[in-house]
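Summary of the model geometry
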Amino acid sequence: MLAKRIIPCLDIKNGRTVKGVNFVDLRDAGDPVELAEIYSAEGADELVFLDISATEERRKTLVNMVRSVAGKINIPFTVGGGISSIEDVEILLNNGADKVSINSSAVKNPQLINDLAQKFGSQCVVVAIDAKQIDGQWIVHLVGGKVPTELNLFDWAVEVAERGAGEILFTSMDNDGTKNGFANEALAKLSELVNIPIIASGGAGNIQHFVDSFKEGNADAALAASVFHFKEIEIKSLKQELRNNGVEVRL
């Protein structure tokens with residue numbers, strides 16, 4: 001059985017780590033490079049960096065940051081935000097990223113998933129899907145959750161997997177920042193529908209929520225931000241507790 005992964009997420013804006021609730025009300029959470037180094041030392045399995053307000057100028061900033069982080073950590077890390085071409089991905093991988101996360105650009109140009117998987121390998125391509133429930137349907141949203149689409153979460157996840165994505169990072173916008181737990185029903189359905197790893201995101205508030213994401217949601221990895229940034233949960237104790245609950249993790 002593959003070990004479940006714990007992944008701190010660093011949302012980057014103007015070179016700083018920020019955290020909000022339901023994708024708004026952002027507050028500062030520290031220096032991304034320092035946080036990355038701490039998480040790597042504390043036993044995180046991977047890191048995710050999302051440039052949540054990527055523009056051309058910040059893209060350059062992000063590349064410098066990726067390079068700085070790569071020099072400080074020894075775990076895989078995924079970079080996302082404003083990636084829309086093979087060239088964007090080449091630059092990030094050449095500066096130390098291990099994987100890239102695409103979201104809006106994949107919806108606007110689904111062929112991009114095929115192209116990136118073909119060029120760099122599926123293991124490199126994470127498709128992030130932000131969705132929230134509208135009239136009982138999980139609807140995919142773009143641009144940091146601001147723009148609803150007509151896509152259904154589950155249909156899009158199946159297409160993404162068929163096009164060659166290596167992983168899906170599913171964020172429940174309804175749960176994001178609420179600390180009420182992950183969207184386990186949706187996670188369980190996703191893991192039934194596709195045969196690639198699903199990363200749970202949105203809603204972590206305590207250790208039991210992580211246990212539930214793996215046991216009820218069948219997630220392959222769980223991602224969180226504020227509970228780690230503000231020291232509400234220590235990664236080492238989280239992993240020990242997961243193991244105590246019969247969840248296989250690397251200690």
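Residues numbered from 1 in each chain as written. Predicted model: local features only at pLDDT ≥ 70, side-chain atom pairs only at ≥ 80, totals over all residues. Heavy atoms only, no water.

In this section: helix H6 (residues 153–162). Those residues of H6 that sit buried are Leu153, Phe154, Trp156, Ala157, Val160 and Ala161. For H6, the buried positions fall inside an angular range of 160 degrees around the axis, keeping them on one side. Exposed and oriented more than 90 degrees from the buried face of H6 are Asp155 and Glu162. Between the side-chain oxygen at the start of H6 and the backbone nitrogen of phenylalanine 154 there is a gap of 2.8 Å, and the oxygen is on asparagine 152. Count one or two residues on from H6 and you reach glycine 164, which has phi positive near 115 degrees. (Buried < 20%, exposed > 50% of the residue type's maximum accessible area, 1.4 Å probe, protein only. Helix = DSSP H or I, 4+ residues; strand = E, 2+ residues; numbered from the N terminus. Arc of directions from axis to C-beta. Polar contact = N/O pair within 3.5 Å; in protein donor to acceptor, adjacent residues only side chain to side chain.)

Before going further, it helps to spend a moment on the packing of aromatic side chains. Counted by the stated rule, this structure contains five aromatic pairs. Aromatic pair phenylalanine 210 and phenylalanine 228: ring centres 5.9 Å apart, planes at 35 degrees, arrangement tilted. Of the two residues, phenylalanine 210 sits in helix H8 (residues 207–215) while phenylalanine 228 sits in helix H9 (residues 226–229), which places them 18 residues apart along the sequence. You can call phenylalanine 210 buried: its relative accessible area is 0%. Taking the relative accessible area as the measure of exposure, phenylalanine 228 reaches 1% and is therefore buried. Within the aromatic cluster, the residues linked to one another by ring pairs are Tyr39, Phe182, Phe210 and Phe228. Against the face of phenylalanine 154 rests lysine 189, its NZ or CZ located 4.2 Å from the ring centre. (Phe/Tyr/Trp six-rings, centres within 6.5 Å; stacked < 30°, edge-to-face > 60°. Lys NZ or Arg CZ within 6 Å of the ring centre and 35° of its normal.)

Another point: the pattern of salt bridges. Under the defined criterion, the tally for this structure stands at 10 salt bridges. Arginine 5 serves as the salt-bridge partner of glutamate 167, at 2.6 Å between the closest nitrogen and oxygen. Remark: arginine 5 occurs in strand E1 (residues 5–13) and glutamate 167 occurs in strand E10 (residues 167–172); sequence separation between them is 162 residues. Residue classification places glutamate 167 among the buried positions, given a relative accessible area of 6%. When salt bridges that share partners are traced, they join Arg5, Glu46, Lys99 and Glu167 into one network. (Salt bridge = Lys/Arg side-chain N within 4 Å of Asp/Glu carboxyl O.)

Honestly, it's all geometry; don't read function into it.
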